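Here's the letter readout for the chains.
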Amino acid sequence: MSLNRRQFLQTAAATTAGLRLGPHLFAQPRYDLVITGGRVIDPSLRLDAVRDVAIAGGAIQAVEPSIAASAERTLDARGKIVAPGLIDVHTHAGRVKDGPLICLRDGVTGFIDAGSQGADGIAAPVAVVKAAPQPAKMLINIGRAGILPGGDTMDLARADVVAARDAIAGNRDVLVGVKARLSRDVCGNNDVEVLRRAREVVSPFNLPVMIHMGQTMSPIDQIMDLLRPGDIVTHMFAPPPNSLVDDNGRIRPGVLAARRRGVWFDVGNGRTGHLRWDTVDQIMQAGFWPDSFSTDWTPEGRTTQVLDFPNVLSKGLLIGMPLDAIIARATLNPSRMFEVFRDRGTLNVGAPADVAILELRDGSFEFVDNYGNTRIGKQRLFPSATILGGRFVS
Ligand SMILES: [Zn+2]
């Protein structure tokens, strides 16, 4: 074999440099991060299989059985679940400064603060939500003084349409709807009127209403009649009076009609009055599965009942839902509920690289409803690591 001078010099230079400096300096690593060997569950791709996930430039670049190309960093996810970053549509993360970061560490790469404050006190949670590292928005409480121990809109004057509209108009970048809490201990007899006013608030903005159902004075069908496509019913597992099921365990007709026309039904775990195992059983036996899981996260809930979003999702396993169906209700479905998440909830190539790495542990785990009833589950999901926009956060 004979080489001309130019070929010789190239070969020599490559060999010397290769020996001295190693291969990495010849070219930048192809990817910023590769998550290897995890069980990737992404309902948006109808995928549940062991895959590598490659990330560069803050976006998903490849999801393949094996990715050999070089990466700045690799993350061994063997034995773990790799899912799109979780989206929690009912939290109160805006209530405390470190709320968004705590949720992010639990795998929550997008959240909605659902009505922590009304028009009068909106500035503080708006600032927290704006400063959140992950995409986040907020619903304004129709009660202008926010959540009150005596009831947000027990005094109907607090359901102030003009004040709420002005607050939305002044914070269009953060406020994406209105929250109306309709239980009797929140608004007494005013439920239907409060909801009517909530509708009035959002109508010029074409934004959704989220209602907090459960123990209302008015029958649930009457309330459902006022809901439109894109509206959200949270606390769907709330026990009677006025739960989603009638005394014979059948889903009420107004509820079925609401789902048919595009109203979403959300879990909203919370701590008081929103979830009782026997009501959950009835609703699940009727085949009426939630569209979304959510925590109703608060600093208090972090220590009891709610704990973290993966814990709330584990309750789906307990009530008989397959894991991929549960993940869909914390990723794909919520991405359709609010515009801000439209390109999220997926590991599709090109999507922002938001990833939740979870651990599904076997054992004996206690799950308490909002009434002190305990059930034992054999599996629980735990947060393991979070990637936000391609960056490893915890
Ligand atoms: Zn709430």
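Residues numbered from 1 in each chain as written. Predicted model: local features only at pLDDT ≥ 70, side-chain atom pairs only at ≥ 80, totals over all residues. Heavy atoms only, no water.

1. Overview of the packing of aromatic side chains
The description of an aromatic ring pair uses the distance of the two centres, along with the angle that the planes make with each other. According to the stated counting rule, one finds two aromatic pairs in the structure shown. Ring geometry for Phe 265 against Phe 288: centres 5.0 Å apart, planes inclined by 80°, an arrangement best described as edge-to-face. Taken together, the positions of Phe 265 in strand β12 (residues 264-265) and Phe 288 in the loop between α9 (277-285) and α10 (309-318) put the pair 23 residues apart, joining distant regions of the chain. Over the ring of Phe 392 we find Arg 73, and its NZ or CZ is 4.3 Å from the ring centre. In this structure, Arg 259 is placed above the aromatic ring of Phe 288, and the distance from its NZ or CZ to the ring centre is 3.8 Å. (Phe/Tyr/Trp six-rings, centres within 6.5 Å; stacked < 30°, edge-to-face > 60°. Helix = DSSP H or I, 4+ residues; strand = E, 2+ residues; numbered from the N terminus. Lys NZ or Arg CZ within 6 Å of the ring centre and 35° of its normal.)

2. Things to note about the coordination of the zinc ion
Taken together, His 90 (NE2), His 92 (NE2) and Asp 296 (OD) make up the protein donors of the zinc ion, found 2.0 to 2.3 Å from the metal. In the primary structure, the donors to the zinc ion are separated according to the pattern H-x1-H-x203-D. Taken together, the positions of His 92 in the loop between β6 (86-91) and α2 (99-105) and Asp 296 in the loop between α9 and α10 put the pair 204 residues apart, joining distant regions of the chain. Take Asp 296: its relative accessible area is 10%, and that puts it in the buried class. (Donors = N, O, S within 2.8 Å, 3.2 Å for Na, K, Ca; no water. Buried < 20%, exposed > 50% of the residue type's maximum accessible area, 1.4 Å probe, protein only.)

3. Looking at the domain arrangement of the protein
Domain boundaries assigned for the protein yield domain 1 (5-83 + 382-392) and domain 2 (85-354). With 24 residues of domain 1 at the interface, the matching set in domain 2 holds 27 residues. Of the roughly 1,900 Å² buried between domain 1 and domain 2, counting both surfaces, carbon and sulfur atoms make up 70%. In this structure, the connection of domain 1 to domain 2 is made through zero salt bridges. Residue composition of the side of domain 1 that touches domain 2, grouped by class: 16 nonpolar, six polar and two charged. (Domains from an automatic or database assignment. Contact = heavy atoms within 4.5 Å. Buried area = accessible area lost by both parts, 1.4 Å probe. Salt bridge = Lys/Arg side-chain N within 4 Å of Asp/Glu carboxyl O. Nonpolar A, V, L, I, M, F, W, Y, C, P; charged D, E, K, R; others polar.)

4. Some remarks on α10
Among the ten residues of α10, eight are classified as buried, and the element is accordingly described as predominantly covered. Looking at α10, one finds that the buried residues are Phe 309, Pro 310, Asn 311, Val 312, Leu 313, Ser 314, Lys 315 and Gly 316. With a side-chain oxygen lying 2.8 Å from the backbone nitrogen of Asn 311, the N-terminal cap of α10 falls on Asp 308. Phi turns positive, to about 95°, at Gly 320, one or two residues after α10. (Polar contact = N/O pair within 3.5 Å; in protein donor to acceptor, adjacent residues only side chain to side chain.)

5. A word on the side chain of Ser 116
Along the chain, Ser 116 falls in the loop between β7 (108-114) and α3 (123-131). Side-chain polar atoms of Ser 116 contact the side chain of His 92, separated by 2.8 Å. Residues in contact with Ser 116, not counting those within four places in the same chain, are His 92, Arg 95, Met 138, Leu 139 and Ile 147.

6. A closer look at the confidence of the model for the protein
Taken residue by residue, the protein gives an average pLDDT of 94. The fraction at 70 or more is 93%. Low confidence marks residues 11-23, where pLDDT is under 50. Its contacts with residues over four positions away, or in another chain, come to five contacts. (pLDDT = per-residue confidence, 0-100.)

7. Some details on the pattern of salt bridges
Per the stated rule, a full pass over the model turns up 21 salt bridges. Note that Asp 278 is salt-bridged to Arg 276, the shortest N-O span being 2.7 Å. Looking at Asp 278, the relative accessible area reads 41%, which means it is partly exposed. On the accessibility criterion, Arg 276 (23% relative accessible area) is partly exposed. Residue Glu 359 is joined to Arg 361 by a salt bridge in which the shortest nitrogen-to-oxygen separation is 3.3 Å.

8. Topic: the sheet that holds strand β10 (residues 209-212)
Within a sheet, adjacent strands bond to each other through the backbone by hydrogen bonds, running parallel or antiparallel. Taken together, seven strands build an open sheet; the order of strands is β6-β7-β8-β9-β10-β11-β12 and the sheet is parallel. Whereas interior strands pair on both sides, the edge strands pair on one side only; in this sheet they are β6 and β12. Relative to strand β11 (residues 232-234), β10 is paired through three bridges, and the arrangement is parallel. Residue pairing for β11: His 212 is matched across the bridge by Thr 234. (Pairing = 2+ DSSP bridges.)

9. Some remarks on helix α4 (residues 161-170)
Those residues of α4 lying buried are Val 161, Ala 163, Ala 164, Ala 167 and Ile 168. Sitting at the head of α4, Asp 160 places a side-chain oxygen 3.1 Å from the backbone nitrogen of Val 162.

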